[in-house]
Amino acid sequence: MHSQTELGNENKREQTSCTVVKIRLYDSKDLENIVQLWYQTWHQTFPNIQHPQPYSAWKSRFSDELASTGEVWVAEVEHDIVGFVVVIKQEQYLSQIFVNSQYQNCGIGSALLNKAKEICPQGLTLQTLQQNTQSCRFYEKHGFKAGQLAINKINGQANIEYDWNP
């Protein structure tokens, strides 16, 4: 199962073309590319935070937890993985959504978020770091409402919970 979406680059600050995006189910052969994207994008987004876990722990967490308990969908542009989303369907929880920084602001995150909404049409919850104001605006633009504040149990940073109820 996959879909292809035509996306225009709304933000011309990057010279990256992302006109055709393929959204498909995760395959175990994607592990290394996804973990690299996840790790690099997180550290680019939060350059002032020293994450307490090494790359190997990110890889183990993805393969042992996220890919085994969640539904993972991958975004590809010209056969390159440029984003992914992880949804824990039983919990109606959007666990992870990441897009390569060179492909942000051209609709890939929206396509992945729409896939998550398709998986859980009854509603979703997610958590993001409070300081991630770009993501907070993105979620609010897509109908999520800010909720409880908490501390992220992995990196110790302040989190905010978001809920989407259609």
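Read on for a plain summary of the structure. Note that this is a predicted model, so its numbers are computed, not measured.

A closer look at the packing of helix H1 (residues 31–45) against helix H2 (residues 55–69)
Put simply, H1 and H2 touch, their axes get as near as 10 Å, and they point 125° apart. Classified by the angle their axes make, H1 and H2 are oblique. For the element pair H1 and H2, the recorded crossing hand is right-handed. In this structure, H1 contributes Leu31, Glu32, Ile34, Val35, Gln36, Trp38, Tyr39, Trp42 and His43 to the contact, and H2 contributes Tyr55, Trp58, Lys59, Arg61, Phe62, Ser63 and Leu66. Classifying every residue of the contact of H1 with H2 gives ten nonpolar, three polar and three charged.

A look at the environment of Asp27
Residue placement: Asp27 occurs in the loop between strand E2 (20–25) and H1. Owing to a relative accessible area of 34%, Asp27 belongs among the partly exposed residues under this scheme. Asp27 sits 47 residues away from Val74 along the chain, and the two C-alpha atoms are 8.9 Å apart. In this structure the side chain of Asp27 is engaged in a polar contact, spanning 2.9 Å, whose partner is the backbone nitrogen of Lys29.

A few points about the side chain of Gln96
Following the sequence through the fold, Gln96 ends up in strand E5 (residues 93–99). What makes Gln96 buried here is its relative accessible area of 9%. There is a polar contact of 3.1 Å between the side chain of Gln96 and the side chain of Trp38. Gln96 has contacts with Trp38, Arg61, Leu66, Phe84, Val85 and Val86, leaving out every residue within four places of it along the chain.

With respect to helix H4 (residues 133–141)
Note that an α-helix has 3.6 residues per turn; residues three or four places apart therefore point the same way. Along H4, the residues that are buried comprise Ser135, Cys136 and Tyr139. Down the axis of H4, the smallest arc covering the buried residues is 105°, so these residues share one side. Residues of H4 that are exposed and point over 90 degrees away from its buried face: Arg137 and Lys141. Contact partners of the buried residues in H4: E5, helix H3 (108–119), strand E6 (124–129) and strand E8 (158–164). Count one or two residues on from H4 and you reach Gly143, which has phi positive near 90°.

Cut-offs and rules
Residues numbered from 1 in each chain as written. Predicted model: local features only at pLDDT ≥ 70, side-chain atom pairs only at ≥ 80, totals over all residues. Heavy atoms only, no water. Axes fitted to C-alpha atoms, helices over the stretch in contact; angles between N-to-C directions. Helix = DSSP H or I, 4+ residues; strand = E, 2+ residues; numbered from the N terminus. Parallel < 35°, antiparallel > 145°, perpendicular 65-115°, else oblique. Left-handed = near helix turned anticlockwise from the far one by under 90°. Contact = heavy atoms within 4.5 Å. Nonpolar A, V, L, I, M, F, W, Y, C, P; charged D, E, K, R; others polar. Buried < 20%, exposed > 50% of the residue type's maximum accessible area, 1.4 Å probe, protein only. Polar contact = N/O pair within 3.5 Å; in protein donor to acceptor, adjacent residues only side chain to side chain. Arc of directions from axis to C-beta.

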